Every structure is written in C-alpha cells, then in structure tokens.
Amino acid sequence: MGPKTQRVYETIRTWIESGRYSAGDKLPSERALSAELEIGRTALRQVLARLVGEHFIKAHDRSSYRVLGGGITPTPAEGEPWKIHGSRSVYDNPWVTLDLVDVEPPGVERFEHHVVRLFRVAITAVIDEQDRVLMLWRYRFVPQQWGWELPGGIVDAGEDAAATAVRETEEETGWRPGPVEHVVSYQPMIGMVDSPHEIFIARGAEKVGDPTDAEEAGEVAWVSLDDIPRLMSEGKLMGSGTLVALLHILAARPRGAR
C-alpha cells in the first residue's frame, strides 16, 4: 500500500474511530469517496478491502459499505510478561529446531518449556474474474490424507514475503499471480510452535507453464468460492494457512456475491 493509499486508509479509519460514522452507518458511495479523498477507484477498493478485513466495515451490497460494531474494541493494558532465563537446544537441522526454554510465568515456579521453531512461510490465494480460487489437490503423509491447499512455501533468507508468495505460486501451479496484497500475519500454534505465516491475496494470474516444483506437485484447479464452505465442512481443506485465507475472502465478499 503506497503512501497516498495509506493516508486514505488512515483518514477513513479516523472517521470511524472519531464517530463521524457510527456502527450501522453507511459510508458514502465509492464515487463520492473517490472524489472527496482524491484517489482512484482501484486504489480506494484496496483501502476498503483492508478495512473489511480488519472488521471496521462490512460490504453491504455491491459498492456499498456499512460500519461494523458498537465502537472500536479498546486494547487492555499489558500485564507482566513471562521471564525467560535462558534456553538450550535439544535438536537442530536445516528445517526445524527444538529448544527447551527456561521460563517463569508471573506467580508460578519456573520450568522448562518445549518450543519448536520453523521457518516463516507465505501463502497465496489467487482469485480470478469468475470468483474461483487457484488450489492444489495433493496428498500429505503426516495426516495421511488428500485435500485442497493454497500454494505457498518457505520465505528464503533475505527474501521479501510478497516475492515468496509470487514465486511459490508459479513454481507449484504454473500460474504467475497478479500483484499480491498482504492481508494478515499469524501464528497457527502460538503456545509451543514458532511458525510465522504471511497470507496474501492476488486478483488474476497468467499461465506461464507447467509446475516446476516436483516435491510440491499436485493437481492444479480453479475452485469456485461458492464451493468452499462445503469443502470445509467435509474436511477437504488442509492447513491453517488455506483456511485463514479462504475464511478472510469469504467474510469480505459482498452480500450479493454469497
């Protein structure tokens, strides 16, 4: 998001936080916002999509948005953090490390806590003009099952996560995505595993060849977003990154598109 787009995002968010637009209020039309804020419609839609993803507004109808909630949830004061007295490595290889960390929670006797550390990964949901998402049907031997996944992989040292998102999509599917937008960073198993996940969304892709990553090979298909809830209920969507990305997309869809 460029400086001008960021300023527009901050302006609309300030309108909401200051009460200019309260819960349930309808925002001005995209045309009116574009004129008032002096920003193009495409860039404005990026801002609105981000505000939808952060649950400040909700897509009410085509090109129509309403403010969510009864106000902005206040951030509680931070309490006393756990004390870390040190750590020792139990296992280490190029893919995964296992440490024992000497910790002391407030009011609790100190103890050693297992921590698994993995690489940061980037995962991409590519959506086409027919509201289909680019996915891989593949086998995972750990749960011993077949399922649908979004393309993604490890962020190389010194590599930007957005570049990883594009590279992994092309390697695994043969499709080169359009510009990617970062929507959320999260940790899937925050209590014991350090595994940063970066989720990106792209609109459109260009077919550039066959998949080149044999280890990550799978059947490539464009899956209708309308079919995602059924696949989810049937347990055919694998991996938290796939679920987080697709749930974000479904939540942000205009009401009429659902």
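Anything mentioned here points back to the structure above.
Just so it is clear, the model here is predicted, and its values are computed rather than measured.

Caption draft 1: Broad picture of the pattern of salt bridges. Inspection of every chain in the model, using the stated rule, returns 21 salt bridges. Here D128 makes a salt bridge to R132, at a shortest N to O gap of 2.7 Å. Relative accessible area serves as the criterion here: at 26%, R132 is assigned to the partly exposed category. The partner of R167 in a salt bridge is D156, with the nearest N and O atoms 3.5 Å apart. Placement of R167 in helix α4 (residues 161–173) and of D156 in the loop between β9 (152–154) and α4 is noted, with a sequence separation of 11 residues between them. Salt bridges linked by common partners bring D156, E159, R167, E168 and E171 together as one network.

Caption draft 2: Structural detail: the nonpolar core. Ranked by internal contacts, the top residues of the largest apolar core, which has 21 residues, are V133, M135, L150, I228 and L246. Among the elements of the structure, β6 (121–127), β7 (132–140), β13 (197–203), β15 (219–224), α5 (228–233) and α6 (240–252) are those that each provide at least two residues to this core. In contact with L246, not counting residues within four places along its chain, are V133, M135, L150, I228 and L237. Grouped together as the second largest cluster of nonpolar side chains are 20 residues, I39, F56, A59 and V67 included.

Caption draft 3: Seen up close, the sheet that holds strand β12 (residues 193–194). Pairing within the open sheet is mixed, and its 4 strands lie in the order β3-β4-β5-β12. Edge positions in the sheet fall to β3 (83–92) and β12, since each has one partner strand and no second. Bridge analysis of β3 against strand β4 (residues 97–104) gives 8 bridges, and the strand direction is antiparallel. If you follow G86 over to β4, its bridge partner there is D102.

Caption draft 4: Broad picture of the packing of helix α1 (residues 3–18) against helix α2 (residues 30–37). At a minimum axis separation of 12 Å, α1 and α2 run at an interaxial angle of 115 degrees. Put simply, α1 runs roughly perpendicular to α2. Like other packed secondary-structure pairs, α1 and α2 cross with a definite hand, here right-handed. Mapping the contact onto sequence places V8, T11, I12 and W15 in α1 and L33, E36 and L37 in α2. The residue makeup of the contact of α1 with α2, split by class, is 5 nonpolar, 1 polar and 1 charged.

Caption draft 5: Layout of the pairing of strand β8 (residues 145–149). Sheet analysis places β7 next to β8, joined by 5 bridges and oriented antiparallel. Following the sheet pairing, R140 is matched in β8 by Q145.

Caption draft 6: Examining α6 more closely. Given a rise of 1.5 Å per residue, 13 residues ought to cover 18 Å, and the 18 Å separating the end C-alpha atoms of α6 matches this to within 8%. Within α6, the full set of buried residues consists of G241, T242, A245, L246, H248, I249 and L250.

Caption draft 7: The arrangement of the packing of aromatic side chains in detail. As enumerated under the stated definition, the model contains 6 aromatic pairs in all. Note on W15 and Y21: the rings are 5.9 Å apart at their centroids and 55 degrees apart in plane angle, and the pair reads as tilted. For the pair shown, W15 and Y21 are each scored as buried. When the centroid spacing of 5.6 Å and the interplanar angle of 55 degrees are considered together, the rings of Y139 and W146 count as tilted. Positioned above the aromatic ring of W15 is the side chain of R20, whose terminal nitrogen or guanidinium carbon lies 4.1 Å from the ring centre. A cation sits over an aromatic face here: R50 above Y9, 3.8 Å from the ring centre.

Caption draft 8: Local environment of α4. Across its 13 residues, α4 extends 18 Å between first and last C-alpha, which sits within 8% of the 18 Å expected from 1.5 Å per residue. If you check which residues of α4 are buried, you get A161, T164, A165, E168, T169, E172 and T173. Along the axis of α4, the buried residues cluster in a sector spanning 125 degrees; they form a single face. Capping the start of α4 is the job of one residue whose side-chain oxygen sits 3.0 Å from the backbone nitrogen of A162: D160. A positive backbone phi angle near 85 degrees is found at G174, which sits one or two residues after α4.

About the cut-offs
Residues numbered from 1 in each chain as written. Predicted model: local features only at pLDDT ≥ 70, side-chain atom pairs only at ≥ 80, totals over all residues. Heavy atoms only, no water. Salt bridge = Lys/Arg side-chain N within 4 Å of Asp/Glu carboxyl O. Buried < 20%, exposed > 50% of the residue type's maximum accessible area, 1.4 Å probe, protein only. Helix = DSSP H or I, 4+ residues; strand = E, 2+ residues; numbered from the N terminus. Core = buried A, V, L, I, M, F, W, Y, C linked by side-chain atoms within 4.5 Å. Contact = heavy atoms within 4.5 Å. Pairing = 2+ DSSP bridges. Axes fitted to C-alpha atoms, helices over the stretch in contact; angles between N-to-C directions. Parallel < 35°, antiparallel > 145°, perpendicular 65-115°, else oblique. Left-handed = near helix turned anticlockwise from the far one by under 90°. Nonpolar A, V, L, I, M, F, W, Y, C, P; charged D, E, K, R; others polar. Expected span 1.5 Å × (residues − 1). Phe/Tyr/Trp six-rings, centres within 6.5 Å; stacked < 30°, edge-to-face > 60°. Lys NZ or Arg CZ within 6 Å of the ring centre and 35° of its normal. Arc of directions from axis to C-beta. Polar contact = N/O pair within 3.5 Å; in protein donor to acceptor, adjacent residues only side chain to side chain.

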